[in-house]
Amino acid sequence: MKVPYHLIRYSNDCIAAVYNNKIKIKNLSTKETIELNQDETNKTSIRSIAFNNDASILAVASDDKKLKFWDVKTGKCLSIKNTPKKVNSIVFENHGKKILIADGFGDVYSYSVDEEDEEKESLLGHVSMLTDILLSKDEKYVITSDRDEKIRVTRYPKTYIIHNFCLGHKEYISKMQFIPNNNNLLLSGGGDDYLFLWDYINATIVQTINIKELINETITKNNLTLIDSYNVKEITTYSKENLVAVCFERLPVIFIFEFIENKLSLKYTVITENLILDIAFDNQGRIWITNFVDENTKETITILSKFSPVEYDTKEELIFFKNTEECEKNDINKYMTVENLRKEVLDAKKAQQELQEDIITKKQKIE
Amino acid sequence: MEDSEQTNKEDILKLPRKRFFRQRAHANPFSDHDLIYPLKPEEMDWSPFYPKYFSKNSKDNTKKIDFIDVGCGYGGLLVALAPLFPDKLILGMEIRSKVEDYVKQRIDALRAQNKDDLYQNISVMRMNAMKFLPNFFEHGQLSKMFFLFPDPHFKRKKHKNRIISPNLLAEYAYLLKIGGLLYTATDVRELHEWMVEKCDNHPLFERIPDEELNDDPCIRCILHETEEGKKVARNKGDKHFAVYRRIQDPDE
Ligand SMILES: C[S@@+](CC[C@H](N)C(=O)[O-])C[C@H]1O[C@@H](n2cnc3c(N)ncnc32)[C@H](O)[C@@H]1O
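Residues numbered from 1 in each chain as written. Chains lettered and ligands numbered in written order. Predicted model: local features only at pLDDT ≥ 70, side-chain atom pairs only at ≥ 80, totals over all residues. Heavy atoms only, no water.

**A few points about helix H8 (residues 227–234) of chain B**
Residues and elements named next belong to chain B. Rule in force here: Throughout this description, buried means an accessible area under 20% of the type-specific maximum (1.4 Å probe, protein chains only), exposed means over 50%, and partly exposed covers the range between. Each helix corresponds to a stretch of at least 4 residues labelled H or I by DSSP, and each strand to a stretch of at least 2 residues labelled E; elements are numbered beginning at the N terminus. Residues are treated as being in contact if the distance between any of their heavy atoms lies within 4.5 Å.
For H8, the set of buried residues is Glu227, Gly229 and Val232. Looking at the buried residues of H8, the elements they touch are helix H2 (76–84), helix H3 (97–113) and helix H7 (217–224). One or two residues past the end of H8 sits Lys236, with phi positive at roughly 55°.

Quick look at the structure:
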């Protein structure tokens, strides 16, 4: 059985797909391909990646708290940095020389791409795990989301000025994405029953989308397996047609919304063959889907080219991505990263751990 | 029936005794999943806290909290400030529930003992102030914030738990009015220097020279009326304080 790709990102003709500690990149117009190995020695898993705007550099953060910058054309590692904590999200500045990272301890740092030894700069921090980070196109605002329902809008580069807080989520936030062709709206989702469309400059809610209802309807209509909770896995956008696609953990469904008349309206609901691990729009408006791999899975990646009726694209483009590594079995739970952000799940895990420790200490006492 | 009401009343009138409310000295500000907080400031119902000034579900509640005492401990500062600022609403925030219980009973007793509106302007809440202040207060709402004798968290690794830090100062600056004041006090020299350094380095705060604070009645309260301040005096320790003004950035 093949190891699945757990991440996929697109920027300026380049698509990058990640499995374990490796990355495969293909330039869709030149057809050039390259494979990167983030950690040859310990094979630690990759946690987050980001391209710069022209897709000449890829920043990659792995579970060993290593941050590497890769030259996408040559496959050369440009520099390696050590981050204090695991990195959950990365964003490049427009000029591509600097990145901002959001970490599991709640802090945001900036790193420059080249100069190997240059110190990181601390920009801001929440007292809560950070899940995502965005930088507005005009680079006036940096937006961070956390495990405690908060989205914070901070001035950039004067990050000592907090602009506002977008408050409304009742659960953790996992993803945020700017609305295409618009300078002040973003969509956020997480463990909530709703997606929120924010005017982030004024911290006002423009629209809420009841995904609980949407998902339940879709499950009933298509006879899908019921799930316990809804956890937004990814939000990706296609600017030419003002489309916004959203997918969830443990659900073979993609909702595609159109941004029209200052509102998002559901345009397509796509039922996929496999459980989805990640999605990314390319510049032809196709959605690249990385599939969870089990006995029934045929492809590690599928390209959705038409949404109604659904059409999948040529296998030819996918040959490069066909093989990953072989393994005996894939554990779906290993790939479910966002549902663990739920407080009750984490608390339950903590309680279990404490119980285990209690038992161990008691045993030791008896001995 | 009458009987129990009677004892109840007497209970309220009696000031609580601190020794029944002792708790572990340090609280972990990162585990707090049982706290109750509003989604956003507009949704907060303040009527249980300040029944004289807020009515339930009423849109015409115009009062807003003016001062907060972060990590208020046993509430000495609140009690001292109440008569000095009768038209300001003052809230103490305390993470340890037994300590918060004590302060609540103390305020209830003081309110019951004083028939006029004295002590109606102070209240206490169990809360983790490091995490949830933006849920309670709006941008530029507060005019004073007190951080008195905070837990020192000596170990380097625990510095992130300190209640004054560069990251949290950005949040305090967001909540304070331009011209609003931030007070710190401690008996730990190293912590004092740390807090001064962090505040000095924050572009939105400016230190007020100690000589200019002679007329500020809060200074006497923070040094002599807080439980920690009294304890330090009994032990003949040093007391350090610093006051900062929230200033405006040209880009704000
Ligand atoms: C040493 S005591 C000082 C009490 C009081 N300010 C005085 O001067 O007497 C510090 C207090 O801060 C509280 N505290 C610590 N972290 C807190 C947090 N994140 N939110 C609210 N209170 C906190 C502690 O429980 C403790 O009661």
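**Things to note about the sheet that holds strand E15 (residues 150–155) of chain A**
Heads up, the rule is: The rule for pairing is simple: two strands pair if DSSP sees at least two bridges between them. Think of each axis as a best-fit line through the C-alpha atoms, taken over the contacting stretch in the case of a helix, with angles from 0 to 180 degrees between the N-to-C directions.
In spatial order, the strands read E13-E14-E15-E16 (chain A); together these 4 strands make up an open sheet with antiparallel pairing. Edge positions in the sheet fall to strand E13 (130–135) and strand E16 (162–167) of chain A, since each has one partner strand and no second. Neighbouring strand axes in the sheet, compared pairwise and without regard to direction, differ in orientation by 20° on average. Two strands pair when backbone bridges link them, and E13 of chain A and strand E14 (residues 141–146) of chain A are joined in this way by 5 bridges, in the antiparallel orientation. Counted as the bridge partner of Ile133 of chain A is Thr144 of chain A from E14 of chain A. Against the sheet, helix H4 (residues 129–136) of chain B makes contact with E15 and E16 of chain A, and its axis sits at roughly 85° relative to E15 of chain A, the strand it touches most.

**Some details on the sheet that holds strand E28 (residues 310–312) of chain A**
All names here are of chain A. The 4 strands lie next to each other as E25-E26-E27-E28, forming an open sheet whose pairing is antiparallel. The sheet is open, and its two borders are formed by strand E25 (276–281) and E28, each paired with just one other strand. Taking each pair of neighbouring strands and ignoring which way they run, the sheet shows an average axis angle of 30°. Looking at chain direction, strand E27 (residues 301–307) and E28 are connected through 3 bridges and run antiparallel. Counterpart to Leu304 in the pairing with E28 is Tyr312.

**Digging into the confidence of the model for chain B**
Residue and element names in this part refer to chain B. To keep it simple, the criterion reads: The predictor reports its confidence for every residue as pLDDT, a score running from 0 up to 100.
Summary statistics for chain B give a mean pLDDT of 90 and a share of 88% for residues scoring 70 or more. The low-confidence segment residues 24–30, where pLDDT is below 50, has 17 contacts with residues more than four positions distant or belonging to other chains. In the predicted complex, the global pTM is 0.92; the interface-specific ipTM is 0.91.

**Here's the deal with the UniProt feature "active site" (unreviewed entry) in chain B**
All names here are of chain B. Going by this rule: UniProt positions are given in the numbering used here, feature names are shortened, and annotations may be inferred rather than shown by experiment.
As recorded in UniProt, the feature "active site" (unreviewed entry) lies at Asp151. For Asp151, the location among the structural elements is in the loop between strand E4 (142–148) and helix H5 (166–175). Looking at Asp151, the relative accessible area reads 32%, which means it is partly exposed.

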